[in-house]
Protein chains: 4
Amino acid sequence: MTRIRLGMVGGGNDAFIGGVHRIASRIDDRFELVAGALSSTPGKSAASAEALGIRRSYGSFEEMALAEAARDDGIEAVSIVTPNHVHAAAAKAFLAQGIHVICDKPLTATMAEATALEKAVSGAHALFILTHNYTGYPMIRQAREMVRTGALGKLRIVQAEYPQDWLTSPMEKEGLKQAEWRTDPSRSGAGGSIGDIGTHAHNLACFVSGLQVESLAADLHCFGAGRTLDDNAHVMLRFAEGAKGLLWSSQVAPGNENALKLRIYGDKGGLEWSQEDPNYLWFTPHGEPKRLLTRNGAGAIEASQAVSRIPGGHPEGYLEGFATIYTEAADAIRAVQSGAKISAAMGNLPGIEAGMDGMRFINACVTSSKNNAAWTKL
Amino acid sequence: MTRIRLGMVGGGNDAFIGGVHRIASRIDDRFELVAGALSSTPGKSAASAEALGIRRSYGSFEEMALAEAARDDGIEAVSIVTPNHVHAAAAKAFLAQGIHVICDKPLTATMAEATALEKAVSGAHALFILTHNYTGYPMIRQAREMVRTGALGKLRIVQAEYPQDWLTSPMEKEGLKQAEWRTDPSRSGAGGSIGDIGTHAHNLACFVSGLQVESLAADLHCFGAGRTLDDNAHVMLRFAEGAKGLLWSSQVAPGNENALKLRIYGDKGGLEWSQEDPNYLWFTPHGEPKRLLTRNGAGAIEASQAVSRIPGGHPEGYLEGFATIYTEAADAIRAVQSGAKISAAMGNLPGIEAGMDGMRFINACVTSSKNNAAWTKL
Amino acid sequence: MTRIRLGMVGGGNDAFIGGVHRIASRIDDRFELVAGALSSTPGKSAASAEALGIRRSYGSFEEMALAEAARDDGIEAVSIVTPNHVHAAAAKAFLAQGIHVICDKPLTATMAEATALEKAVSGAHALFILTHNYTGYPMIRQAREMVRTGALGKLRIVQAEYPQDWLTSPMEKEGLKQAEWRTDPSRSGAGGSIGDIGTHAHNLACFVSGLQVESLAADLHCFGAGRTLDDNAHVMLRFAEGAKGLLWSSQVAPGNENALKLRIYGDKGGLEWSQEDPNYLWFTPHGEPKRLLTRNGAGAIEASQAVSRIPGGHPEGYLEGFATIYTEAADAIRAVQSGAKISAAMGNLPGIEAGMDGMRFINACVTSSKNNAAWTKL
Amino acid sequence: MTRIRLGMVGGGNDAFIGGVHRIASRIDDRFELVAGALSSTPGKSAASAEALGIRRSYGSFEEMALAEAARDDGIEAVSIVTPNHVHAAAAKAFLAQGIHVICDKPLTATMAEATALEKAVSGAHALFILTHNYTGYPMIRQAREMVRTGALGKLRIVQAEYPQDWLTSPMEKEGLKQAEWRTDPSRSGAGGSIGDIGTHAHNLACFVSGLQVESLAADLHCFGAGRTLDDNAHVMLRFAEGAKGLLWSSQVAPGNENALKLRIYGDKGGLEWSQEDPNYLWFTPHGEPKRLLTRNGAGAIEASQAVSRIPGGHPEGYLEGFATIYTEAADAIRAVQSGAKISAAMGNLPGIEAGMDGMRFINACVTSSKNNAAWTKL
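How each quantity is defined
Residues numbered from 1 in each chain as written. Chains lettered and ligands numbered in written order. Predicted model: local features only at pLDDT ≥ 70, side-chain atom pairs only at ≥ 80, totals over all residues. Heavy atoms only, no water. Helix = DSSP H or I, 4+ residues; strand = E, 2+ residues; numbered from the N terminus. Buried < 20%, exposed > 50% of the residue type's maximum accessible area, 1.4 Å probe, protein only. Contact = heavy atoms within 4.5 Å. Areas by Shrake-Rupley, 256 points an atom, 1.4 Å probe, with all protein chains shown as cover. Lys, Arg positive; Asp, Glu negative; His and termini not counted. Charge placed at Lys NZ, Arg CZ, Asp CG, Glu CD. Buried area = accessible area lost by both parts, 1.4 Å probe. Salt bridge = Lys/Arg side-chain N within 4 Å of Asp/Glu carboxyl O. Polar contact = N/O pair within 3.5 Å; in protein donor to acceptor, adjacent residues only side chain to side chain. Pairing = 2+ DSSP bridges. Least-squares fit on C-alpha atoms with pLDDT ≥ 70 in both. Axes fitted to C-alpha atoms, helices over the stretch in contact; angles between N-to-C directions. Parallel < 35°, antiparallel > 145°, perpendicular 65-115°, else oblique. Left-handed = near helix turned anticlockwise from the far one by under 90°. Right-handed = clockwise from strand over helix to strand, strands pointing away. Phe/Tyr/Trp six-rings, centres within 6.5 Å; stacked < 30°, edge-to-face > 60°. Lys NZ or Arg CZ within 6 Å of the ring centre and 35° of its normal.

(A) Spatial organisation of the overall build of chain A. Counting secondary structure elements, chain A contains 13 helices and 15 strands. For chain A, the spread of C-alpha atoms along the principal axes amounts to about 60 × 50 × 35 Å. Within chain A, the fraction of its 378 residues that count as buried is 66%. Considering only contacts in chain A between residues 6 or more positions apart, those separated by 24 or more positions represent 68%. Total accessible area on chain A is roughly 12,200 Å²; 51% of this is exposed by carbon and sulfur atoms. Of note, chain A has its 36 positive side-chain charges centred 4 Å away from the centre of its 40 negative side-chain charges.

Here it is, written out as structure tokens:
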């Protein structure tokens, strides 16, 4: 077993998501992080790299892409963990060098960037993987498989919600960097909560249900004084095949830390899952008692067992779910290096299409809301 | 202490809600049920009355209203627990005789009936009380008072949902009377799930928040084959003072028995309550740990203690919450009998206004949905 | 249907359990409370009776027993809801008159009183019913029936606990009457928490498991300064047929309001139930997912349905469970009045035997603890 | 930052705990696994090492200890993850070479081995760390600190339980290796469930309470046919300073996967924690509402934040708690290499003393149970 040589763009000090990617890449021991352009200046980047024990530091992602591509032992893949508006340019630089890209979500800040990136991905000889990490949770895999094999019958209702509370007070005015860029349209794009977390809820709803949203009616709100991006969003969904849904994202709901929740109902049964208690999946076959399915416990199926590491009752968490995306990325990278076609290697991994779906979702929400919640096709 | 002499219209055998009203009227010992027109035929009515130990049975509510009004020891109040389309006529008959009316919800089957009843109530010398029973739960009283006194700050978001699962399969075709009339527009009115239970969610959201819904956008669905009334409804709400909300009612969500849930968030805190676990109220002052307030436990305030019967940890339930409406109705009846004005005696009791609000809510939902979820004023 | 004429001894103002008995007797409309000796003095008794709308008030239970027995319309049954040390004398007075007795638990304050009462009961032409009210909860009935019919296989482990927190601080020194008599050996008997609530846990463990405790090893503690009765008790149990158990009662465990909990495990499955959430019963067939059985929901069986009033999802509580004991008492009284033998009429109702079991349990705990937790037979 | 060179003894294919140690050692990137004696034969060891990407494989731990000690780039530390009866010999071999030892629990299979190991540790120039991993959970650290700083007042009651269900049926007869050695006294030692998991509960109770068990009364049971080691244990505890406790370990309680739970009560408040939902800590200051403290959420203190990786609401799990032990081991190793004394470097890490405490606990339980649950000093 040889580890994949990995680089990272973004993820210097203070960055929450960069550290998450690094841990996720290590958990299953499939990657070795050897190069980075971790911050916006060469000096900061070098300091972060040294602190993290990363051998090679670069002053910019452009430089890194060229230099690493020129080395025999250069990176095989790169993780892009910058704010949204940098995603497209960085991804294109590495794809152009045939370096596989693992990119944080949402895809980009603007639809124009997204379209350009889509084109770059389609012409590239490398994988583009989007870390919709919540799809890596074992019980989400099980839910998806149960839906696919008919445990719920024909789907009727899909309720997704993702409330948080950290922007209840104006953190962006108090020097919190996480809050600053997320409330700034030039770095986040047109969506506030709907882009940052609503896209996760949308992605998960589609991933598990196997259905696409056809149209939506959205009412976006700015409750925080001085904000221009939504911090709360209410959305009604119409899915393909007649299913209906509600989606709620919020960053101003006190008492909700990261309360992503999915509930799906069909004519034969229902499923309920909550991200904060991810090892549980509630399943009710209609007319029978509710069952508490547990990760690697009784009732677990191959779809969840295959991405579990430890026995039931020993909770896995957010980092393990994230690690599964990395591990499947590693499998895909090795497959491509062994000659597999990129489309085949992707398998269930979220990629450019999931990213474009997310951008279309954000855009439709923003457009609908501007039109007083008129139904808007995706 | 003398018990109030009570009559009942509807509530014969098989009727769920009639039995509930009878127990609720007994729990605090303020009523004595002495007369009834319990079923649609004199024979059935008499049989039910005898089985229940009710002294006087009548063949119709019209007969009962006249006869009881003529007696010195006639009923002082009547409970109307029929299907919706009978509410208006029955209520008017008793109000015309000065007999106080305690009526099940929703107000009526049609807006025309509602308007006529509203007129009758305004001209009557008797109370009209609508049993929006969920307002009787102690922790709902506490939530309302906490909102009123500013524990949540300025309200931003009000999420109400009321999913059930009993109509997932076509029970109305299998001889279940409860299902038959609830899916029949001629007996239920224009709303299906939105009328039967959505009105409860709407009422509770307004009761606790102290806010009125100004406009809404509704997407009603009929999932059950052959149904003409909604069995699932998704509604976006705009409240007075800028608060926003979502409301979901469903009777086709497997795994939900009677899962009425209310969540309210302001700029200082959040509250969450679930009807199936009614003795708990989650309160999060923003930036502090979540607190589990319990009925008559630490953290309980006068507003909830006043309508509690037993100590914390000894669960009260649905029947006790319902009984509180009856007990407050008894207080109001005695007050009116002692000379109080009707409006003063009503206090916080739900009456014709709450009923009209509910009818306007149902109508707005149906109208909005017919107009492709266009925003509709109430 | 004619209501049973009921009297009450004890239960004047301030008394928690008297009010509970009165509501419980009304819920299913089988009793009419017509006479009382509610307090320790004639004046207080009369005032309480008037406030409660009870027609006949007596200055003492002795007087009441004689007077009521002499009336054609005298009480048919009496509820005894005094502190423990009065139970025996009061019960004997009514039994001697052939008046059926419904008595609060524990049976008596001392074993001598208990033995005398046992003798009186065995010679009486009236029922003696002990309100071990927790046996009236529907899901407890279901649990018992599931055990009886083998859903758990052969029983191995029975864990019962009943922690409260209200005596964490010295309430008995702050004028709380409930605390005063419960910490006073002359009124409570030899057991503190073990007598007041440990007996409930013991009774419930035996009721559901169908097993008797053969011997126990108990470690009783007095944490509150100046107390002579235990406020915390740890007990190891050995049941008949080889099952083992732990029992914990406490009144000094902050965060526990009334947290009676029962868990039973056999070689085929496990059951878990909590009094504070009584409408749920967790059932795990070994090797299968945990199931959440709900009162009157999917998975409910005749044993629980028979003692349920309203549909699943509409929570019943403590008062309804208590009411079931009263309703079954009413059935038993009517049966005896129709000629049934007393033993046959008792059915599953807790009576003198359950009471003696409880007294033996308290005594064994006290004895064992004095002997440094030596194993002590019941 | 340079990673610590790590070796591993045991942990070949099929071994649950070996994989856990490997992931735990990687999560915070402080170790590099470079050598192993993973299985009982050189061939199996080499195959496992190759599959795991470990450079150097040895046929035995003796060989590995000598060879690695002789290399300039030899391992600095070794993880011992074999069945219990190998712990002592392996640990002594590495300690003798000055190689730091990270050893799985319980310490050894027999008290004789334990005593010998204790002597070896006291004479060694290397650290001996025992992976009582549950002490690494952030909310356990917070609980300990809250107890230490008086949030509970004077401790009264400590309830620890650790039920599992996997040995409900005779898995050891069905070829499950995990079950085979755990039910075999020659490999596990004198304790069955009490040694395998009861020691965790004991360790955690002492770690959080800061109290030592002075004496105990234990009733051990073998429910599984043919077993000689306990699969269920009931224990009454007497702690220093007058606190009392109950401890329950079981492997035959259907519906319990890995349900380690700790509850601690003092005269000012109570704490409750459950391993299966480790990001939550319930705290009740006496007389106030229960609070749900969350990892890195509102209410989190330095003691838990210091060992957290990601924000509140993003659940960490078993592997992260385990990783914290490894990370603190890394800190201790680097400290010793920089000249710190071993005792000082250990800090709060569980070591030989915690191991000896665990052995004394197992021994006392077995002894007490043989003496019919007589009180036995530790």
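That was the structure; now back to the text.
(B) Structural detail: the interface of chain B and chain D. Across the contact, 10 residues belong to chain B and 10 residues belong to chain D. Among the residues chain B hides against chain D, the three largest losses belong to Pro289, Leu292 and Ala298 of chain B. Together they make up 52% of the total. Taken together, the connections running from chain B to chain D amount to 0 salt bridges. The tally of links between chain B and chain D comes to 2 residue pairs in polar contact (both at pLDDT 80 or more). The biggest single contributor to the side of chain B that touches chain D is strand 14 (residues 290-294) of chain B, with 4 residues. Relative to strand 14 (residues 290-294) of chain D, strand 14 of chain B runs antiparallel, the two sharing 3 bridges. Opposite Lys290 of chain B, over in strand 14 of chain D, you have Leu292 of chain D as the bridge partner.

(C) Main features of the pairing of strand 10 (residues 244-250) of chain C. Residues and elements named next belong to chain C. Here strand 10 lies mainly inside the structure; 7 of its 7 residues are buried. Residue alternation in strand 10 divides its side chains into two sets, Lys244, Leu246, Trp248 and Ser250 and Gly245, Leu247 and Ser249, and both sets are buried. As defined by bridge partners, strand 7 (residues 155-163) adjoins strand 10 across 7 bridges and the pair is classed as parallel. Residue pairing across strands places Glu161 opposite Trp248, the latter belonging to strand 10. Where strand 9 (residues 232-239) and strand 10 come together, 7 bridges link them in antiparallel fashion. Note on strand 10: the bridge partner recorded for Leu237 is Gly245.

(D) Focus on the environment of Asp73 of chain D. Residues and elements named next belong to chain D. Among the structural elements, Asp73 can be located in the loop between helix 3 (61-70) and strand 4 (77-80). The sequence separation of Asp73 and Glu241 amounts to 168 residues, and the corresponding C-alpha distance is 50 Å. For Asp73, the residues in contact, after removing those within four places along its chain, are Arg5 and Arg56. In this structure the side chain of Asp73 is engaged in a polar contact, spanning 2.7 Å, whose partner is the side chain of Arg71.

(E) How the structure looks around the relation of the copies chain B and chain A. Rotating chain B by 180 degrees and moving it 0.0 Å along the rotation axis overlays it on chain A with an RMSD of 0.0 Å. Considering both components of the superposition, the chain copies are consistent with a two-fold axis. Of all interface residues in chain B, 100% are interface residues in chain A too; the two copies therefore contact each other through one and the same surface.

(F) Just the packing of helix 1 (residues 16-27) of chain B against helix 11 (residues 318-337) of chain B, in detail. Residue and element names in this part refer to chain B. For the pair helix 1 and helix 11, the least separation of the axes is 8 Å and the interaxial angle reads 65 degrees. One way to sum up the angle between helix 1 and helix 11 is to call them roughly perpendicular. Two packed elements cross with a definite hand, and for helix 1 against helix 11 that hand is right-handed. Each of Phe16, Ile17, Val20, His21, Ile23, Ala24, Ser25 and Ile27 in helix 1 lies in contact with helix 11, whose residues at this interface are Tyr318, Leu319, Glu320, Phe322, Ala323 and Tyr326.

(G) Broad picture of the sheet that holds strand 4 of chain D. Residues and elements named next belong to chain D. Strand order in the open sheet formed by 6 strands is 3-2-1-4-5-6, and the pairing between neighbours is parallel. Strands with a single pairing partner mark the edges of an open sheet, and in this sheet they are strand 3 (56-57) and strand 6 (128-130). As judged from the 2 bridges shared by strand 2 (residues 31-37) and strand 3, these two strands associate in the parallel manner. Its bridge partner lying in strand 3, Ala35 is registered against Arg56.

(H) Here's a closer look at the pairing of strand 2 (residues 31-37) of chain A. Judged by how many residues are buried, strand 2 of chain A sits mostly within the fold: 6 of 7 residues are covered. Traced from strand 2 of chain A through helix 2 (residues 42-52) of chain A to strand 3 (residues 56-57) of chain A, the parallel crossover comes out right-handed.

(I) A look at the relation of the copies chain B and chain D. Once chain B is rotated about the relating axis by 180 degrees and shifted along it by 0.0 Å, it coincides with chain D to within an RMSD of 0.0 Å. When you check the interface residues of chain B against chain D, 100% turn up at the interface there too, and the contact is symmetric in its surfaces.

(J) Representation of the packing of aromatic side chains within the structure. Using the criterion set out here, one finds 34 aromatic pairs over all chains in the structure. A network of ring pairs unites the aromatic residues Phe31, Tyr134, Tyr137, Tyr162, Trp273, Tyr318, Phe322 and Tyr326 of chain A as a single cluster. Lying over the aromatic face of Phe207 of chain A, Arg144 of chain A brings its terminal NZ or CZ to 4.1 Å of the ring centre. The positively charged end of Lys290 of chain C is found above the aromatic ring belonging to Trp282 of chain C, 5.6 Å away from the centroid.

(K) Quick peek at the environment of Asp267 of chain D. Residues and elements named next belong to chain D. Looking at the secondary structure, you find Asp267 in the loop between strand 11 (261-266) and strand 12 (269-274). Judged by its relative accessible area of 31%, Asp267 falls in the partly exposed class. With 112 residues separating them along the chain, Asp267 and Leu155 place their C-alpha atoms 6.6 Å apart. Looking at Asp267, its side chain comes within polar contact range of the main-chain nitrogen of Lys154, at 2.9 Å.

(L) Broad picture of the interface of chain B and chain A. Listed by partner, the interface residues are 43 residues for chain B and 43 residues for chain A. Note on chain B versus chain A: buried area summed over both sides is about 3,500 Å², and carbon and sulfur give 58% of it. Linking chain B with chain A are 4 salt bridges, by the criterion used here. Here Arg263 of chain A makes a salt bridge to Glu161 of chain B, at a shortest N to O gap of 2.7 Å.

(M) Structural detail: the sheet that holds strand 1 (residues 4-9) of chain C. Residue and element names in this part refer to chain C. Here 6 strands make up an open sheet; going across it, the order is 3-2-1-4-5-6 and the pairing parallel. If you trace the sheet from one side to the other, it starts and ends with strand 3 (56-57) and strand 6 (128-130), each paired once. Relative to strand 5 (residues 100-103), strand 4 (residues 77-80) runs parallel, the two being bridged by 4 bridges. Counterpart to Val78 in the pairing with strand 5 is Val101.

(N) Layout of the environment of Ala124 of chain B. Residue and element names in this part refer to chain B. Relative to the elements of secondary structure, Ala124 occurs in the loop between helix 5 (111-123) and strand 6 (128-130). Judged by relative accessible area, which is 15%, Ala124 ranks as buried. Spatially, the C-alpha atom of Ala124 lies 50 Å from that of Glu288, the residues being 164 residues apart in sequence.

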